[in-house]
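Here is how the chains run, residue by residue.
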Amino acid sequence: MSDGMVIVCRCNDVTAEEIEELIDSGVTDIEEIKRLLRVGMGPCQGRTCMPIVISILARKTGRKPEDIPLPRARVPVRPVRAGVLAGGDDE
Amino acid sequence: MSKVAIIGGGIVGVATAYELAKLGEDVVLFEKSYFGSGSTFRCATGIRAQFTDEANIRLMKYSIERWEKLEEELGFDINFRQTGYLFLATSEEEVEAFKANIKLQNRFGVPTRLIDMDEAKEIVLILNTEPFLAGAWNPKDGKANPFKTLFAYLFRAKEMGVDAREQVEVVGLEREGDEITAVKFRSRGKVERVKVDAVLNATNAWAPVINEMAGLKRDIVPIKACKHQLVKTEPLERGQAEPLVCPPSWNDAYIIQDGEDGGIICGAGIEHEAKSLDDVEPTYDFLRGVLRYALMIAPPLRYAHVIRQWAGFYAKTPDSNPAIGKLLENFYIAAGFSGHGFMMAPAVARAIAELIAKGRSKVPLDWDWYDPYRFERGELRTSAFQIG
Ligand SMILES: Cc1cc2nc3c(=O)[nH]c(=O)nc-3n(C[C@H](O)[C@H](O)[C@H](O)COP(=O)(O)OP(=O)(O)OC[C@H]3O[C@@H](n4cnc5c(N)ncnc54)[C@H](O)[C@@H]3O)c2cc1C
Ligand code: FES
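Residues numbered from 1 in each chain as written. Chains lettered and ligands numbered in written order. Predicted model: local features only at pLDDT ≥ 70, side-chain atom pairs only at ≥ 80, totals over all residues. Heavy atoms only, no water.

Enquirer: Help me out: how do you make sense of the sheet that holds strand 8 (residues 163-166) of chain B in this one?
Expert: Strand pairing within a sheet occurs via backbone hydrogen bonds; the two strands may be parallel or antiparallel. All names here are of chain B. Pairing within the open sheet is mixed, and its six strands lie in the order 8-2-1-12-20-19. What marks the edges here is a single partner per strand, and that holds for strand 8 and strand 19 (323-328). Across the sheet, the mean angle separating the axes of adjacent strands is 15 degrees when strand polarity is ignored. By the bridge criterion, five bridges tie strand 19 to strand 20 (residues 331-335) in an arrangement that is antiparallel. (Pairing = 2+ DSSP bridges. Helix = DSSP H or I, 4+ residues; strand = E, 2+ residues; numbered from the N terminus. Axes fitted to C-alpha atoms, helices over the stretch in contact; angles between N-to-C directions.)

Right, dumping it as structure tokens:
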């Protein structure tokens, strides 16, 4: 998993190496990692990548993965067209 | 060298820690959650000098000059870009008001001008020009990445020796006479204390709680936490709506293309009183309401997918101007920024750091205007021009 070319977040193109570097520089809060690298902030809302980010963080900080809370998921969890949400669209 | 404690790890606290360290002070910074967790990481990224009174125009003109050099000074990409703010008028009276504001802004060197809708359409490709008569356009306004900006300040502050602690909550202040002598804080479940020479309250929406810890009246600076929200679309091609675009008469609704991924951020003045200082629950009425406005401003947005919605606090004072200055001999405050604390932070941080370290500042900040005791004296300022 330490191969620099491993893409962890496919939505926002973030590699394992970038995540490890940031943790090494002292940023170990999942909410901060998320925002600095935009990992987990793509259309899938981190469903694909967050479990991997958490296991990297757990390994590098010696914590248990279950002790690291998942970042808050933002509503709406599935993308919906603005026209539909605003009403008046015939979908 | 004296020991200064800063309470609150939002953009104001972190930037002030950096400025104080540059002035040679020994700084300890406390953040009860993670850095940026308050309003800062929830903001709409906008930076503008288009205010409607002298104090805020001059402060923001200076702040934008700081923003222009910040990337170089901090040695970190913060994605500051001068993509402008475009305010749109829907009536003749509003056009007249815009003209008066522009005149005032020009007097202090802010290059805002009135533009017609043809020019507006060239600037904002997806704009619906029909409802609008004219625009107030300042190409020097802009946006920056709040995450990167906060961390840029934080990294440099730490390099200069700032003791920056997160997940550490301040739980009490010890006071003798008119001075705070020590700060009590909870770290990993244990309460500890540190002796200090000065304290800055930079907790924004939480500021009344800290003022009470200092033995002051909780409402000496009456700050109310009001829930404001944003929604964001999927990433769109760059250049569709780079400036912040806002018709103030439509409940302050605005759109701005995120400088990072190109998603369109949509805001509006659909406000809710926060149920508590933990209440950042998004609401459905906002989602629906804000999108109605956004689609009237830029109809093609109806085909964009909405991927996120979130809420944060406008920490509001009765006149929407922040409280900046001294509350006790060595107890300072910079809080109550309403919807404009991110943009002001580079200027305010330098000003308050100089005030703490040297007793005066070269920053063009009107200390009388922002005087934290003005509410107690019943002297409100004209309301700062707030949007969203
Ligand atoms: C939806 C929305 C859109 C916005 N858009 C813009 C915009 O476009 N441009 C702009 O300039 N501004 C905008 N703002 C406003 C801007 O976000 C704030 O004014 C700014 O972030 C305030 O920064 P701060 O450092 O003063 O406060 P905060 O970022 O709120 O920081 C205060 C910190 O203090 C901490 N704290 C509280 N109590 C304690 C304690 N006892 N011990 C330790 N720490 C404590 C909190 O956890 C918090 O992190 C927006 C705000 C919202 C909600
Ligand atoms: S894979 Fe990371 S947000 Fe979708």
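Enquirer: Quick question: what am I supposed to make of the interface of chain A and chain B here?
Expert: For interface size, the figure often reported is the accessible area lost on association. In this complex, chain A contributes 25 residues to the contact, which on the side of chain B involves 34 residues. Overall, the association of chain A and chain B removes approximately 2700 Å² of surface from exposure, summing both partners, and the carbon and sulfur fraction of that is 56%. For the pair chain A and chain B, the interface holds one salt bridge. Between A:R38 and B:D261 there is a salt bridge, with the nearest N and O atoms lying 3.6 Å from each other. (Contact = heavy atoms within 4.5 Å. Buried area = accessible area lost by both parts, 1.4 Å probe. Salt bridge = Lys/Arg side-chain N within 4 Å of Asp/Glu carboxyl O.)

Enquirer: Help me understand the packing of helix 1 (residues 11-22) of chain B against helix 8 (residues 341-358) of chain B in this model?
Expert: The geometry of a pair of packed helices is captured by two quantities: the angle between their axes and the separation between those axes. Residue and element names in this part refer to chain B. Their axes nearest at 8 Å, the elements helix 1 and helix 8 cross at an angle of 40 degrees. Here helix 8 runs oblique to helix 1, going by the angle between their axes. As helix 1 runs across helix 8, the sense of the crossing is right-handed. Contacts between helix 1 and helix 8 involve I11, V12, A15, T16, E19, L20 and K22 on the former and, on the latter, G341, F342, A345, P346, A349, R350, I352, A353, I356 and A357. Along the lines of polarity and charge, the residues of the contact of helix 1 with helix 8 split into twelve nonpolar, two polar and three charged. (Parallel < 35°, antiparallel > 145°, perpendicular 65-115°, else oblique. Left-handed = near helix turned anticlockwise from the far one by under 90°. Nonpolar A, V, L, I, M, F, W, Y, C, P; charged D, E, K, R; others polar.)

Enquirer: Help me understand the site of ligand 1 in this model?
Expert: Residue and element names in this part refer to chain B. Around ligand 1 sit 38 residues, and of these E31, S39, T40, G46 and M343 come closest. Residue G38 places a main-chain N or O atom 3.3 Å away from an oxygen atom belonging to ligand 1. T40 places a side-chain nitrogen or oxygen 2.5 Å from an oxygen atom of ligand 1. Protein chains shield 98% of the accessible area of ligand 1, which is 1000 Å² for the free molecule. At the level of secondary structure, the elements contributing two or more residues to the shell around ligand 1 comprise helix 1, strand 2 (26-31), strand 9 (168-176), strand 13 (224-235), strand 18 (305-316) and helix 8. Class assignment for the residues of the shell around ligand 1 results in 17 nonpolar, 17 polar and four charged. (Near = heavy atom within 4 Å. Polar contact = N/O pair within 3.5 Å; in protein donor to acceptor, adjacent residues only side chain to side chain. Areas by Shrake-Rupley, 256 points an atom, 1.4 Å probe, with all protein chains shown as cover.)

Enquirer: Would you explain the environment of A:K60 in this entry?
Expert: Examined against the element boundaries, A:K60 turns out to sit in helix 3 (residues 50-61). Considered as a pair, A:K60 and A:E20 are 40 residues apart in the sequence and their alpha carbons are 7.9 Å apart.

Enquirer: What's the story with the sheet that holds strand 10 (residues 179-187) of chain B in this structure? I'm lost.
Expert: All names here are of chain B. On the basis of which strands lie adjacent, the open sheet formed by three strands has the order 9-10-11 and antiparallel pairing. Either end of the sheet is taken by a strand with one partner, and the two such strands are strand 9 and strand 11 (190-195). Averaged over all adjacent pairs, the angle separating strand axes in this sheet is 25 degrees, with direction ignored. Examined bridge by bridge, strand 9 and strand 10 share eight bridges and lie antiparallel to one another. Opposite V170, over in strand 10, you have F185 as the bridge partner.

Enquirer: Help me out: how do you make sense of the environment of B:A55 in this one?
Expert: Residues and elements named next belong to chain B. The topology assignment puts A55 in helix 2 (residues 54-74). The spatial distance from the C-alpha of A55 to the C-alpha of R156 is 29 Å, given a sequence separation of 101 residues. In contact with A55, not counting residues within four places along its chain, are D366, W369 and Y370.

Enquirer: In this structure, what is going on with the nonpolar core? I would like to understand it.
Expert: If you look at soluble globular proteins, the nonpolar side chains tend to sit buried side by side. The biggest cluster of nonpolar side chains holds 107 residues, and the ones touching the most others in it are A:I33, B:L29 and B:I47. Among the elements that line this core, the one with the most residues is helix 8 of chain B, at twelve residues. Counting only domains with at least three residues in this core, you end up with domain 1 (1-83 + 141-223 + 319-388) and domain 2 (85-139 + 224-316) of chain B. If near-sequence neighbours (up to four positions away) are discounted, B:L29 is found in contact with B:I6, B:G8, B:G9, B:G13, B:V14, B:A17, B:F35, B:L154, B:V162, B:D163, B:A164 and B:R165. (Core = buried A, V, L, I, M, F, W, Y, C linked by side-chain atoms within 4.5 Å. Buried < 20%, exposed > 50% of the residue type's maximum accessible area, 1.4 Å probe, protein only. Domains from an automatic or database assignment.)

Enquirer: Sorry if this is basic, but what is going on with the environment of B:N101 here?
Expert: With respect to the element layout, B:N101 can be found in helix 3 (residues 92-107). Expressed as a C-alpha distance, the spacing of B:N101 and B:T52, which sit 49 residues apart in the sequence, is 5.6 Å.

Enquirer: Teacher, can you tell me more about the domain arrangement of chain B here?
Expert: Residues and elements named next belong to chain B. For chain B, the assigned domains read domain 1 (1-83 + 141-223 + 319-388) and domain 2 (85-139 + 224-316). Computed over C-alpha atoms, the centres of domain 1 and domain 2 are 26 Å apart. Taken together, the 42 residues of domain 1 in the interface contact 42 residues of domain 2. Summing the contributions of domain 1 and of domain 2, the shared interface buries around 3400 Å²; its carbon and sulfur component is 58%. Area buried by domain 1 at its contact with domain 2 is led by R42, Q50 and G388, which between them contribute 20% of it. The tally of links between domain 1 and domain 2 comes to three salt bridges. Taking the shortest distance from any N to any O, the salt bridge between E260 and K148 comes out at 3.0 Å. Between domain 1 and domain 2 we count 16 residue pairs in polar contact (both at pLDDT 80 or more) in total. Those elements giving two or more residues to the side of domain 1 that touches domain 2 turn out to be strand 3 (46-47), helix 2 and strand 7 (142-143). Examining the composition of the side of domain 1 that touches domain 2, we find that four residues originate from one element, helix 2, more than from any other. Looking at side-chain class alone, the side of domain 1 that touches domain 2 contains 15 nonpolar, 17 polar and ten charged residues.

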